Amino acid sequence: MSDPAAPGPLRLGVNIDHVATIRNARGGDHPDPVRAVEIVSACGGDGITAHLREDRRHIRDEDLARIQAATDLPLNLEMAATDEMLAIALRHQPHAACIVPEKREERTTEGGLDAAGQHNRLVPIVSRLNDAGIRVSLFIEPDERQLEAARLLGAPVVEFHTGEYANLTGDAQAAELRKIAAMSALAVDMGIEPHAGHGLTYENVQPIAAIPQLAELNIGHYLIGEAIFTGLEASVRRMRDLMDAAR
Ligand code: PXP
């Protein structure tokens, strides 16, 4: 008999943005993020994540349709809460849209979305995405106030920002892990599906993967970086194995 308290499956969403970062460094079309999509599809990834940033520094508009045509895996489109990105999401109809904070000058997504402070800005965006059948996720810190804000907004999913966890060590990291675990349990109690991501590596993924309520991890930079040395198939498979071993 299966154990009702046992954790469910944990999906791995592979963020392919940084394949496009390398492509764009030379202005040509190599390496093509679509080739990464094909490899991830063939070797155990459960989804593709791509962030169309306002400055198009990695993924570009034309990549989205090509990614969608190349795979049956669900596409999780990371997007800022702007009218431009909303229109693009509605046009492309990705499986999911993860709303992230975005500052032009940041190197990566620094910190979670202030879903509580930006309630009024987010209401029409979340509701239009929900109405279009696109699964909305809010990229928030593991914080009760932000989780409550996500509930009020009607977001079916939250993704907890693990950047702080990834940057900390020792007792401080353990405390951050407890916070992510507690907020994951609270999310499920609220009827929200919890995901997590940012800064995850082979070394730090397992305590996060062991949180039984988490349903999905989104991992990018480290997997693409490791792929330089071992190939993308090997880096995705190794991450998948570590996640499975932690469940
Ligand atoms: N999840 C979200 C919402 C993100 O914005 C990012 C970074 O683009 C990731 C996950 C992946 O983070 P990393 O590239 O550090 O693995």
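Residues numbered from 1 in each chain as written. Predicted model: local features only at pLDDT ≥ 70, side-chain atom pairs only at ≥ 80, totals over all residues. Heavy atoms only, no water.

Visitor: Would you mind showing me how to read the site of the ligand here?
Guide: Residues in contact with the ligand amount to 13 residues; listed here are only the nearest, Glu78, Glu159, Gly199, Gly220 and His221. One nitrogen or oxygen atom from the side chain of Glu78 is found 3.0 Å from an oxygen atom belonging to the ligand. One nitrogen or oxygen atom from the main chain of Gly220 is found 2.8 Å from an oxygen atom belonging to the ligand. Taken by itself the ligand offers 400 Å² of open surface, and the protein chains cover 94% of this. Judged by its atoms lying within 2 Å of the grid points, the ligand is housed in the largest pocket. Considering only residue class, the shell around the ligand consists of four nonpolar, seven polar and two charged. (Near = heavy atom within 4 Å. Polar contact = N/O pair within 3.5 Å; in protein donor to acceptor, adjacent residues only side chain to side chain. Areas by Shrake-Rupley, 256 points an atom, 1.4 Å probe, with all protein chains shown as cover. 1 Å grid on protein atoms, 1.4 Å probe; cavity = no way out; pocket = protein on both sides within 12 Å on 5 of 7 lines; lining within 4 Å. Sits in = over half its atoms within 2 Å of the grid points. Nonpolar A, V, L, I, M, F, W, Y, C, P; charged D, E, K, R; others polar.)

Visitor: Would you mind going over the side chain of His58 with me for this structure?
Guide: Residue position: His58 is located in the loop between β2 (47-51) and α3 (61-70). Owing to a relative accessible area of 4%, His58 belongs among the buried residues under this scheme. Those residues in contact with His58, other than ones at most four positions away along the chain, are Asp17, His18, Ala20, Thr21, Arg23, Asn24, His51, Arg53 and Asp63. (Helix = DSSP H or I, 4+ residues; strand = E, 2+ residues; numbered from the N terminus. Buried < 20%, exposed > 50% of the residue type's maximum accessible area, 1.4 Å probe, protein only. Contact = heavy atoms within 4.5 Å.)

Visitor: Just to check I follow, could you spell out the layout of surface pockets for this structure?
Guide: Rolled over the atoms, a probe sized like a water molecule indicates the empty space that remains. Size it by volume and the largest pocket reaches roughly 580 Å³. Looking at the lining of the largest pocket, the elements that each hand over two or more residues are α1 (17-26), β8 (216-219) and α10 (221-230). Per-element tally for the lining of the largest pocket: the top contributor is α1, with three residues. There is about 260 Å³ of room inside the second largest pocket. Looking at the second largest pocket, it is lined by 13 residues, and the ones nearest its centre are Val19, Pro31, Ala36, Ile39 and Leu232. Elements represented by at least two residues in the lining of the second largest pocket include exactly α1, α2 (33-42) and α10. Residues of the lining of the second largest pocket, tallied by class, amount to nine nonpolar, two polar and two charged. (Points joined across faces, edges and corners; volume = space filled by probe spheres on them.)

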